[in-house]
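Examination of the molecular architecture
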Number of protein chains: 2
Amino acid sequence: MGEKFALLEEKLKEVWDLSVVMELLGWDQEVNMPAGAGEARGAHLATLSKIHHERLTSAEMGELLAAAQAEVKGQRSDGYAPSLVRVGQRKFDQATKLPTELVMELTRLRSLAQSAWVKARNEDDYGLFQPWLEKLVDLVQQEAGYLGYEEHPYDALLDQYEPEMTTAEVAKLFAELRKELVPLVHEIQARADVVDNRILFGHFPEEAQSALGRKISGAVGFDYSHGRLDSSVHPFATSFTSHDVRLTTRYNEDYFGASFFGIMHETGHGLYEQGFDAQFHRTPLADGASLGIHESQSRLWENMVGRSRHFWRYALPLAQEAYPDSLSGVEFEAFYRAINQVTPSMIRVEADEVTYNLHIMLRFEIEQGLLTGDINPADLPDYWNSRMESYLGIRPKTNREGVLQDIHWAIGLFGYFPTYALGNLMAAQLYDCFLADHPDFPQEMEKGEFSTLLQWMREHVHRHGATYTPQVLMQKVTGEGVKVAPFMRYLRQKYSDIYGL
Amino acid sequence: MGEKFALLEEKLKEVWDLSVVMELLGWDQEVNMPAGAGEARGAHLATLSKIHHERLTSAEMGELLAAAQAEVKGQRSDGYAPSLVRVGQRKFDQATKLPTELVMELTRLRSLAQSAWVKARNEDDYGLFQPWLEKLVDLVQQEAGYLGYEEHPYDALLDQYEPEMTTAEVAKLFAELRKELVPLVHEIQARADVVDNRILFGHFPEEAQSALGRKISGAVGFDYSHGRLDSSVHPFATSFTSHDVRLTTRYNEDYFGASFFGIMHETGHGLYEQGFDAQFHRTPLADGASLGIHESQSRLWENMVGRSRHFWRYALPLAQEAYPDSLSGVEFEAFYRAINQVTPSMIRVEADEVTYNLHIMLRFEIEQGLLTGDINPADLPDYWNSRMESYLGIRPKTNREGVLQDIHWAIGLFGYFPTYALGNLMAAQLYDCFLADHPDFPQEMEKGEFSTLLQWMREHVHRHGATYTPQVLMQKVTGEGVKVAPFMRYLRQKYSDIYGL
């Protein structure tokens, strides 16, 4: 290993440590922090992000990157050292485009806006959040300008979460997807009475939900000696090393599904984070290839596994044991259909597999509009509500179940939402490939055995961390880029069966 | 405000932010972190401490301190600006004496040794901890050498926690204290059968303990909208701003006292941290004057208030409500005596007010011995156990109830223990002064009114933060330095009454 590379590695580890510490402060803010501490937390995060930015963009870092680049020349490009140099260079290039003041201000605002959003959401008062959103949009517009783009300012933001993906490509995929989804939703709605989900309502004590979630996430492979599960307003997964991966969920004691599928979802993220190559420890290679790839893992475990008939042959008895009062009498097929009910609904994270992507398309449109100025934050609730009506045929009665439902914009994440839909597409592609290798997996699931799938993902996806860009990884694993067809085939097959289409 | 001072203030705030973030990582490590993440946490803390140390000791910081010094000349020395310059200068001077490598290594080791200590304590296996202690002692010896001292290497360590206090002064105070304590312990032991604490054992559900602790700590003034209470192996209090103060405790479901008095103790610390002048936000003035002063606040609320007869006129009915099965029948006087039973015991944090300081003297001796090399870590359990026998007449049967009971050495805190005993002395002095101003306070307590005491402490102690050194503060508030007499008078009076001496 070259001398300059070794120095670079050390510097990148320090920078990565700082970003990981910011993640921890963010986790703490959502899980533990007293409500009155938001301003101080914002200041602490601003200081960290300033130092992070200064160190990442230092002249020394630039020189070390150039020198290490020369040292690793000729090595296999997906080896540890060339990959770290490449990913480090990408982070350096992105960060050097942004002035430290902008980064600090964004960080400070994120923390304050997050507190404002929590309050606004609790009190269903968009007005409490709007001024913060305005400030954030202004900064994000500046950010896109500094980052630069060829076609659309949104490209600059999207690229941070889904490297090398463009707004135009996403728009094309989404158009194709919508063309197929909308008729499917209509076909299903015409046969809506086939499925009744009332059996999922009852009394589900929080403790029992948490215990069942832990049991099943542990059974599929999440390692609790290197992870935790907590509750927070907005469920998420984060990690500070592969040895400290944290999932959160939220509990609704009247309904079976919310925490269960939420935990399965975050478990998918968590398994990815626990599966990075140990050599990547403390480096930016210990990260997902992209948010889309990350989401492919969460949606895979939540949906392809967690809402499959085979999975519930194993899991339903456990759920019945956990909630004897509410679930003991349910019939298998009725339960399976109930958890797969397709119905237009207000809350994205609780949406079914079929309508989910329509929620994303709405957000994708709005984000572009906010960025270009075509949508004014003051008009957002109306815009949101009328778009919900045109996409899903329903209109939110409150902003809490409308524009205030997601945390993303409050923490400055614009350009992030499309990765959820991309993840759905990629999950279907990856699962197809896996099943081609292991056609017996559905039967294994019935016995509560999940290691074939986990090991396959470890081997083909997890261990590589951020070594490959998402499109390269997809090519390498599935032989093609992101496609709509496998996902639609999966949906068609599953829901034709359930709804008798 | 001078231009250089404004720059200095900003720099000091950034440095303080970093130390506060390290506190948060420490809190998280004890309250939340999965067991397997210790090594990574150590690395993250090492990076933060390196950056903290680099920034605190930068040439720029030195120049700004000198320039700001000149700017504030002539201002009242206990004003905000001169105080911040003085405290900043002290931190700068201390830090510049230590090489960055030593600071990083200490930080890294602390985190690893802490994990080893938790395991060693759980498994009652000193051998698991000994190699870490050896490394820590080695580093702490180096630290004392770098910091420098006139008489004893221990002076250098002590000064970090109790500024301007020397080993010789502590030894003198402790000798005086021991001379009075030992006969008192003997007198009490001769009448041991007057007190029976069996009524404190029963079943005390964790949830009820937590609820009662919250209720009463809230009633005495701890603000939960700017604070939390959690559980951890070793109880402590920490804060990241006056708006985010965190207490921890541990629960024993078989015994009334441990968590209750633990929570009262940490509440005392927490009230101090919540009471700093708002102007000190994000600066090193938002800190205790010393650990001794800090401990005076915790011991005041734990003992002078929390174990007083008047307090329990208010609190016993609440405790009986919380534990109807275990406490409903107890008679007031029997209960009051039980919670004040004096009996030599193994665990410092659970020791009574009279024997407590003997636990401290043992540790004070051992720390000096480890530092000078007169005590070898390999011999520590034996040394500990025989000293316990000579001081308290009892010998630990396990290292878990002996040398492994405290976290301090595992996290590199040497020179810290004496501040506990100093705090006891100062608490008695401060309480005397307060009672001279407010002789009716005991009657107010009976009605659950604590604000007179809290406001007095806010006014005379809390709001000043680290403005004054501890001896100056004591002079200012009580008219004299640290003294043994008020504490012994308090003990004599209280325990003569209880034990009929």
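Below, the structure is looked at part by part. Throughout, a residue's number is its position along its own chain's written sequence, starting from 1. Going through the entries in the order they are written, you letter the chains from A and number the ligands from 1. At least 70 in pLDDT is required for a residue's local features to be given in this predicted model, at least 80 for side-chain atom pairs to be given and counted, and no such filter applies to totals for whole chains, interfaces and linings, which use all residues. With hydrogens and water excluded, all non-hydrogen atoms of the structure serve as input to the side-chain values.

**Things to note about the overall build of chain A**
Per the secondary structure count, chain A includes 21 helices and three strands. The C-alpha atoms of chain A give a radius of gyration of 22 Å, which matches the 23 Å a tight globule of 501 residues would have. In terms of overall dimensions, chain A has a C-alpha envelope of 65 × 50 × 45 Å along the principal axes. Buried, partly exposed and exposed residues are distinguished by accessible area as a fraction of the type maximum, computed with a 1.4 Å probe on protein chains only: under 20%, between the cut-offs, and over 50%, respectively. Taking all 501 residues of chain A together, the buried fraction comes to 62%. Residue pairs at least 24 apart in sequence account for 74% of intrachain contacts in chain A once pairs closer than 6 positions are excluded. The Shrake-Rupley method, run with a 1.4 Å probe, gives the accessible areas here. Residue values count only the displayed protein chains as cover. When the accessible surface of chain A is totalled, it reaches about 18400 Å², and 49% of it is carbon and sulfur. A residue counts as positive if it is Lys or Arg and as negative if it is Asp or Glu; His and the chain ends are not included. The atom standing in for a charge is NZ when the residue is Lys, CZ when it is Arg, CG when it is Asp and CD when it is Glu. Averaging the locations of the 47 positively and 72 negatively charged side chains of chain A gives two centres separated by 1 Å. Starting at the N terminus, helices and strands are each numbered in turn, a helix being any DSSP run of H or I of at least four residues and a strand any DSSP run of E of at least two. As defined in this context, the radius of gyration uses C-alpha atoms, and a globule is described by 2.2 Å times the residue total to the power 0.38. Note on contacts: a residue pair qualifies if any of its non-hydrogen atoms lie within 4.5 Å across the two residues.

**Focus on the relation of the copies chain B and chain A**
Superposition of the two copies of the chain requires a rotation about an axis and a shift along the axis. When the copies are superposed, the least-squares fit takes in the C-alpha atoms of residues with a pLDDT of at least 70 in both. For the pair chain B and chain A, the best superposition has an RMSD of 0.0 Å and corresponds to a rotation of 180° with a translation of 0.0 Å parallel to the axis. Overall, the copies show the geometry of a two-fold rotation axis. Counting the interface residues of chain B, we find that 100% of their copies in chain A are interface residues as well, pointing to one common contact surface.

**Considering helix α5 (residues 100-122) of chain A**
Expected span of a helix: the number of residues minus one, times 1.5 Å. Taking 1.5 Å of rise per residue, the 23 residues of α5(A) would be expected to cover 33 Å, and the 33 Å separating its terminal C-alpha atoms lies within 8% of that figure. One or two positions beyond α5(A), positive phi appears at Asp124(A), with a value near 50°.

**What to know about unusual backbone geometry**
Residue and element names in this part refer to chain A. At Arg282, a position not held by glycine, the phi torsion is positive, near 70°. Positionally, Arg282 belongs in the loop between α10 (257-274) and α11 (291-305). Given a relative accessible area of 15%, Arg282 falls into the buried group.

**Thoughts on the packing of helix α8 (residues 167-190) of chain A against helix α15 (residues 356-372) of chain A**
All names here are of chain A. Contact geometry for α8 and α15: axes closest at 10 Å, N-to-C directions at 145°. Remark: the crossing between α8 and α15 carries left-handed chirality. Note on element contacts: α15 touches α8 through Asn357, Leu358, Ile360, Met361, Phe364 and Gln368, opposite Thr167, Val170, Ala171, Phe174, Leu177, Arg178, Leu181, Val182 and Val185. Angles here are taken between N-to-C directions and fall from 0 to 180 degrees, while the axes themselves are lines fitted to C-alpha atoms, restricted in helices to the stretch in contact. The crossing is said to be left-handed when, going from far helix to near helix, the turn is anticlockwise and less than a right angle, and right-handed when the turn is clockwise.

**What to know about the interface of chain B and chain A**
Taken together, the contact between chain B and chain A spans 39 residues of the former and 39 residues of the latter. Put simply, buried area is how much 1.4 Å-probe accessible surface two parts lose in total, over both of them, once they are put together. Note on chain B versus chain A: buried area summed over both sides is about 2900 Å², and carbon and sulfur give 58% of it. Interface area lost by chain B to chain A is led by Asn32(B), Pro34(B) and His44(B), which between them contribute 17%. Here, a salt bridge means any Lys or Arg side-chain nitrogen found within 4 Å of an Asp or Glu carboxyl oxygen. Summed over the shared surface of chain B and chain A, the number is eight salt bridges.

**Points about the nonpolar core**
We define the nonpolar core as a collection of buried residues of types Ala, Val, Leu, Ile, Met, Phe, Trp, Tyr and Cys that are connected through side-chain atoms lying within 4.5 Å of one another. One finds Ile216(A), Phe256(A), Phe311(A) and Trp312(A) to be the most contacted residues of the largest nonpolar core, which totals 157 residues. With eleven residues, the single largest contributor to this core is helix α17 (residues 418-437) of chain A. Dropping the residues within four chain positions of it, Phe256(A) is found in contact with Leu200(A), Phe204(A), Leu212(A), Phe261(A), Trp312(A), Ala319(A), Tyr323(A), Leu327(A), Phe335(A) and Ile339(A). Ranked by size, the runner-up nonpolar core spans 155 residues in total, among them Leu173(B), Leu200(B), Leu247(B) and Ala351(B).

**Regarding the pattern of salt bridges**
Residues and elements named next belong to chain B. One pass over the full model with this rule turns up 58 salt bridges over all chains. Across the pair Asp159 and Arg90 runs a salt bridge whose closest N-O atoms are separated by 3.2 Å. One end of the pair, Asp159, is in helix α7 (residues 153-161); the other, Arg90, is in helix α4 (residues 80-96), with 69 residues separating them in the sequence. A salt bridge links Arg463 to Glu459, with the shortest nitrogen-to-oxygen separation between them at 3.2 Å. Judged by relative accessible area, which is 34%, Arg463 ranks as partly exposed. Judged by its relative accessible area of 43%, Glu459 falls in the partly exposed class.

**Description of helix α20 (residues 470-478) of chain A**
Residue and element names in this part refer to chain A. Buried residues of α20: Pro470, Leu473, Met474, Val477 and Thr478, and no others. With its buried residues spanning 100° around the axis, α20 presents them on a single face. Of the surrounding elements, those touching the buried residues of α20 are α11, α17 and α19 (451-460). Backbone geometry just downstream of α20 places Gly479 in the positive-phi region, at approximately 85°. Picture the helix axis, draw a direction to every C-beta atom, and the arc is the one those directions span.

Scope: geometric values only; no functional claims are made or implied.
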